[in-house]
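# Observations on the three-dimensional arrangement
Read off the chains here:
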Number of protein chains: 2
Amino acid sequence: MMNRLTRKLEAFGPLPDADKRLLDEIIRDARSVKPRTDLIREGETPNDVNLILEGFACRYKMTPNGTRQIVAYLVPGDFCDLHVFILKAMDHTIATLSQCQVVKIPRPRILALMERPAIARAFWWAALVDEATLREWLINVGVRTAEQRVAHLLCELLLRLETVGLTNGDTYELPITQAELADTVGLTAVHVNRVLQRLRGDGLITLKGKNLVILDVARLKALSGFNPNYLHLSDQNGLPEQSV
Amino acid sequence: MMNRLTRKLEAFGPLPDADKRLLDEIIRDARSVKPRTDLIREGETPNDVNLILEGFACRYKMTPNGTRQIVAYLVPGDFCDLHVFILKAMDHTIATLSQCQVVKIPRPRILALMERPAIARAFWWAALVDEATLREWLINVGVRTAEQRVAHLLCELLLRLETVGLTNGDTYELPITQAELADTVGLTAVHVNRVLQRLRGDGLITLKGKNLVILDVARLKALSGFNPNYLHLSDQNGLPEQSV
DNA sequence: CGTCGTCTTGAACTTGCTCAACAACCGTGG
DNA sequence: CCACGGTTGTTGAGCAAGTTCAAGACGACG
């Protein structure tokens, strides 16, 4: 089974075997990180890049009034910040949400990888997709209703987790509390709770503990106006699932 | 007087004179574009990069229900898309808001510029600031009140326009309708109107036609919780204004 | 001088929030 | 194995921010 990073990058295009071997080396000595642990804080200047191998992490920012906005989810195969090197200081914080496996990749190793044309292109692709996702999230909180926001997020995660082999049909593990979901889609935890119940009531999903089942993907996509183009997958319909 | 692009890039760090001359050459033969004109549409694959020299443009996306969300403003000195080359298709549309002066820079010229280390670094810096701005906008619509959203946007534009020499003290030209402002901050035009009146009533701004005067920058920043760190300017307080 | 877009105002309405209480769940230690 | 405490999820009722619809005023420009 391919490692998550390679799987993700190959969603853009195939990589030479030599490159894949390099990527395999990188993900040695991962460390385990507890849930709700800051990996890099706003204001810091990290000298290495974190790569998530297991679990969910996020980028977030606090506002003066004490509210939190999560601005990105980081799932297995995602880099925390590929090009922090250029900027003096982080303008946001990165933290784990669930229990995670994380690798710290030192700057020189990243630069070495960037020498490989196929890898360099794949890295840029990943960075551009991150930005496109940010735009889509802005649209989510900007114009969509509460139901649509949650539904859209669930659709996005289905595709993203699919590309790294973490789905089983239309089922995946969502190790996120409703409060965290709320901080993501710009709603309160109470309201997210009611939204989830309506989605359940409409026969769109089941969500028990961390186990999410999307019962009717087509309807969930239609409801949220989901269009996967912003993820820039070569196969726009998502990869055919090779089950576990 | 330096050209807008050079001014912007030097907000990151000084450029060699030879590089500046190259940047001057690029901005020849600009063309004039009417307001509300699409420059690149969702789905297209452009072969050149647009650079805004005068006026305001934006990135936006439509949702199935016919609402529009503006996800970025492009002001003089801003590139429309520096690295579209990697992706197959645009996932959003770019359009002018006001009358604009725009240059089309063909792909090979961009690649030639990227050979210059100082320019390459400055380009990446600009791209990263774009992404950071997107995060801040997500926070804007995610957690801030209507007043704060508008106030924050006005503070951001003050700094951005200051770095390209388009402010006069705390005054600048804002060639944007209230409806467009609404599509930017995730409110209705009616409500934006009421918010602006409250900001006027509180002695924070005047806005007559396209002429914006910020009467009390400190209070406007405090109100919106504005922190300029995400713009990653070398001088975090904004450049000292060298008036026109 | 009329027309079209933009701005302004009012009043009813709706979505999502706040506050508060309670239930279900999970890991820990006795 | 059960009791306990803390976190997460659920429910209700009142409230507030922002929306919707509709009409009128202003202003720029032919």
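Everything numeric here is computed off the predicted structure, so don't read it as measured data.

Conventions we followed
Residues numbered from 1 in each chain as written. Chains lettered and ligands numbered in written order. Predicted model: local features only at pLDDT ≥ 70, side-chain atom pairs only at ≥ 80, totals over all residues. Heavy atoms only, no water. Domains from an automatic or database assignment. Contact = heavy atoms within 4.5 Å. Buried area = accessible area lost by both parts, 1.4 Å probe. Least-squares fit on C-alpha atoms with pLDDT ≥ 70 in both. Salt bridge = Lys/Arg side-chain N within 4 Å of Asp/Glu carboxyl O. Helix = DSSP H or I, 4+ residues; strand = E, 2+ residues; numbered from the N terminus. Polar contact = N/O pair within 3.5 Å; in protein donor to acceptor, adjacent residues only side chain to side chain. Near = heavy atom within 4 Å. Axes fitted to C-alpha atoms, helices over the stretch in contact; angles between N-to-C directions. Parallel < 35°, antiparallel > 145°, perpendicular 65-115°, else oblique. Left-handed = near helix turned anticlockwise from the far one by under 90°. Nonpolar A, V, L, I, M, F, W, Y, C, P; charged D, E, K, R; others polar.

Residues and elements named next belong to chain A. Domain annotation of chain A identifies domain 1 (4-128) and domain 2 (145-231). Here the C-alpha centroids of domain 1 and domain 2 sit 23 Å apart. Opposite the 17 residues of domain 1 that make contact, domain 2 presents 20 residues. At the boundary of domain 1 with domain 2, total buried surface from both sides reaches about 1,600 Å², with 56% on carbon and sulfur atoms.

Below, the discussion takes up the relation of the copies chain A and chain B. Copies of the same chain, two in number, are related to each other by a rotation about an axis and a translation along it. Overlay of chain A on chain B (RMSD 0.0 Å): rotation 180°, translation along the axis 0.0 Å. Viewed as a symmetry operation, the transformation between the two copies matches a two-fold axis. Closest approach to the rotation axis among the C-alpha atoms of chain A is made by Leu138 of chain A, whose C-alpha sits 2.5 Å away. Comparing interface residues between copies, 100% of those in chain A also lie at the interface in chain B; the contact surface is shared.

All names here are of chain A. One pass over the full model with this rule turns up 32 salt bridges over all chains. Where Arg36 meets Glu180, a salt bridge forms, and the shortest distance between an N and an O atom there is 3.1 Å. Of the two residues, Arg36 sits in the loop between strand 1 (31-33) and strand 2 (38-40) while Glu180 sits in helix 6 (residues 178-185), which places them 144 residues apart along the sequence.

Moving on to the interface of chain A and chain B. Counting from both sides, the interface comprises 42 residues of chain A and, opposite them, 42 residues of chain B. For the pair chain A and chain B, the summed buried surface comes to about 4,000 Å²; carbon and sulfur atoms form 66% of the total. Contact with chain B buries surface across chain A, with Ile86, Arg135 and Leu138 of chain A losing the most and accounting together for 17% of the total. In this assembly, chain A and chain B are joined by four salt bridges. The salt bridge partner of Asp91 of chain A is Arg135 of chain B, with a shortest N-O separation of 3.3 Å. In this structure, the connection of chain A to chain B is made through ten residue pairs in polar contact (both at pLDDT 80 or more).

Surveying the vicinity of DNA strand C reveals 16 residues, the closest of which are Ala146 and Thr188 of chain A together with Gln178, Asn193 and Gln197 of chain B. Here DNA strand C approaches the protein such that, of its atoms within 4 Å, sugar and phosphate make up 72%. The contact in question runs from a phosphate oxygen of DNA strand C to an N or O atom on the side chain of Gln197 of chain B, over 2.3 Å. For the surface near DNA strand C, the secondary structure elements donating two or more residues are helix 7 (189-201) of chain A together with helix 7 (189-201) of chain B. Among the elements that make up the surface near DNA strand C, the one with the highest residue count is helix 7 of chain B (five residues).

So, on to the packing of helix 4 (residues 117-143) of chain B against helix 5 (residues 146-163) of chain B. Residues and elements named next belong to chain B. Closest axis-to-axis distance for the helix 4/helix 5 pair is 9 Å, and the angle between their directions is 160°. Relative to helix 5, the element helix 4 lies roughly antiparallel. In the packing of helix 4 onto helix 5, the handedness of the crossing is right-handed. Along its contact with helix 4, which presents Thr133, Glu136, Trp137, Asn140 and Val141, the element helix 5 presents Gln148, Arg149, His152, Leu153, Glu156 and Arg160. Split into classes, the residues belonging to the contact of helix 4 with helix 5 amount to three nonpolar, four polar and four charged.

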